[in-house]
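Residues per chain, in single letters:
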Amino acid sequence: MATIKDVAKMSGYSVCTVSRALSGKGYLKEETRQKIMAAVEELHYRPSTLAVNLKTGRRQTLALILPSLTNIYYTKLEKYMESFASAKGYTIYLSNTEYSLEKEKQLIDNVIGMDIAGVIITPTSDEHAHIMKLSEYQIPYVYLNRTFKDDLAHCIRLNNQTSAYEAVSYMIKLGHRNIGGIFQGFENSTYRERYDGMMMALEEHHLTCHPQALLFDINPENIGAATNAILQMLQNPHRPEAIFACNDMTAFNIYRAAYILGLRIPDHLSVFGYDDCIMANIVTPPLSTVSVPVKQLSSTAVNFIHHYIETGTFLELPEFKSSLVIRNSVKNLTIS
């Protein structure tokens, strides 16, 4: 990473002169300014705006880019992120990609042209080369709940596969054999990993899942379409007796479809969610779900960016473990 001293050395001017050229304060010959800016461009130097703002008393800004603001999981995430960012002297610039890769790319381009200290992002797909180019501008970034093997140092990962395996294994332990699953798109690794975890649990217990008991590409935020798809699943001859939902928003759509059909949860249909949103403990019956450590994710993301800005080095990022929260949405079939 180029420093202001590198710019001074390449341009042939003092650090003080370079600093004045970058700040636009004080008189400099145009020739001098052009030479300095040419060195800045060649070295891809980006001034430490954090250092500048600490001197001026201004707060820094972190860009938080999420795929949805309708999903209440992300609302919870944003709340913690803002709290930890504020404690470090940052404000949050919140953006929503609406699951659009093109919009995500445009937001990244916008961020490069802004006075942004760092980027925290949950990418909408596996494509991430446009995010990696932030490093060319010395803008630190971190991915939330994503695993990119070619950029692992920037990934805060969750054990999605293991957690899904444990959730489905729990339903099997309670006597369920006809288990279905509902998943959003596999454009990113998260839902693929949760699907793999479900399949791993079924295979371990020598169980199979009928194709009509599986739904894919279900967007739970499109309530009408999601509910209709689930209604069809619950009315076909191979209706599952238990469903693993890839997230709580999907689980809530299952609740709605069950209500429409007069099915009682868990008497007629068991449901297991993922995320442990605030509504999971409010719906009736309270939803058994996988609790994602959102607080730790948020703290780690902010600390990762802050540490880099202060030291120019990256912290090692862990893989976080989720845990099962058992409530009342799964019936125990082993009790006679």
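Everything numeric in this text was worked out from a predicted model, so none of it was measured.

Caption draft 1: Seen up close, the packing of helix H5 (residues 72–87) against helix H12 (residues 294–311). Put simply, H5 and H12 touch, their axes get as near as 9 Å, and they point 45° apart. Here H5 lies oblique to H12, going by the angle between them. Once H5 is placed against H12, the crossing between them reads as right-handed. Judged by residue contacts, Tyr73, Lys76, Leu77, Tyr80, Met81, Phe84 and Ala85 of H5 engage Val294, Lys295, Leu297, Ser298, Ser299, Ala301 and Val302 from H12. Taken together, the residues of the contact of H5 with H12 break down into 10 nonpolar, 2 polar and 2 charged.

Caption draft 2: Structural detail: H5. In this model, H5 (16 residues) spans 23 Å end to end at C-alpha, consistent with the 22 Å of a helix rising 1.5 Å per residue. When we look at burial in H5, the residues that qualify are Tyr73, Tyr74, Leu77, Glu78, Met81 and Ala85. Burial along H5 is one-sided: seen end-on, the buried residues are contained in an arc of 125°. Among the exposed residues of H5, those oriented more than 90 degrees off its buried face are Lys79 and Ala87. For H5, the secondary structure elements touched by its buried residues are strand E1 (60–66), strand E2 (90–96), strand E3 (118–121), strand E4 (141–144) and H12. The N-cap of H5, judged by a side-chain oxygen 2.9 Å from the amide nitrogen of Tyr73 a few residues on, is Asn71. Two residues or fewer after H5 comes Gly89, characterised by a positive phi angle close to 90°.

Caption draft 3: Representation of the nonpolar core. In this structure, Ile120, Met198 and Phe244 are the most contacted members of the largest nonpolar core, which totals 52 residues. The biggest single contributor to this core is H12, with 7 residues. The next biggest cluster of nonpolar side chains, apart from the first, holds 25 residues, and it includes Ile182, Ala229, Leu234 and Ala280.

Caption draft 4: Spatial organisation of the side chain of Asn96. Counting through the fold element by element, Asn96 comes out in strand E2. For Asn96, a relative accessible area of 17% translates into the label buried. Beyond its immediate chain neighbours, meaning those up to four positions away, Asn96 contacts Leu66, Pro67, Ser68, Leu69, Lys103 and Leu107.

Caption draft 5: Broad picture of the sheet that holds strand E8 (residues 242–245). The 4 strands are arranged E7-E6-E8-E9 in an open sheet whose pairing can be described as parallel. Two strands bound the open sheet, and with one partner strand each, they are strand E7 (214–215) and strand E9 (270–272). As judged from the 4 bridges shared by strand E6 (residues 179–182) and E8, these two strands associate in the parallel manner. By the bridge assignment, Ile182 is partnered in E8 with Ala245. Running at roughly 170° to E8, helix H8 (residues 160–173) makes contact with E6, E8 and E9 of the sheet. Sheet contacts for helix H9 (residues 189–204): E6, E7 and E8; angle to E6, the most-contacted strand, approximately 170°.

What counts, and where the lines are drawn
- Each chain carries its own residue numbering, running from 1 in the written order of its sequence.
- In keeping with the predicted nature of the model, local features appear solely for residues at pLDDT of at least 70, side-chain atom pairs appear and are counted solely at 80 or more, and the whole-chain, interface and lining totals rest on all residues.
- Side-chain calculation: all heavy atoms of the structure are included, whereas hydrogens and water are not.
- Throughout, an axis means a line fitted to C-alpha atoms (over the contacting stretch in the case of helices), and angles, computed between N-to-C directions, take values from 0 to 180 degrees.
- Elements are defined by DSSP. Helices are runs of H or I of four residues or more, strands are runs of E of two residues or more, and each kind is numbered from the N terminus.
- Just so you know how the angles are binned, under 35 degrees is roughly parallel, over 145 roughly antiparallel, 65 to 115 roughly perpendicular, and the rest oblique.
- The crossing is said to be left-handed when, going from far helix to near helix, the turn is anticlockwise and less than a right angle, and right-handed when the turn is clockwise.
- It only takes one pair of heavy atoms within 4.5 Å for two residues to be counted as in contact.
- Any residue outside Ala, Val, Leu, Ile, Met, Phe, Trp, Tyr, Cys, Pro, Asp, Glu, Lys and Arg is labelled polar, Gly included; the first ten of those are nonpolar and the last four are charged.
- The span one expects for a helix is its residue count, reduced by one, times 1.5 Å.
- For every residue, the accessible area obtained with a 1.4 Å probe (protein chains only) is divided by the maximum for its type, and the residue is called buried under 20%, exposed over 50%, and partly exposed between those limits.
- Note that the arc is defined by the directions from the helix axis to the C-beta atoms.
- N or O atoms closer than or at 3.5 Å make up a polar contact, with two conditions inside protein: a donor-capable atom paired with an acceptor-capable one, and, for residues adjacent in sequence, both atoms drawn from side chains.
- In plain words, nonpolar cores are sets of buried Ala, Val, Leu, Ile, Met, Phe, Trp, Tyr and Cys residues tied together by side-chain atoms within 4.5 Å.
- Criterion used throughout: strands pair if DSSP finds at least two bridges between them.

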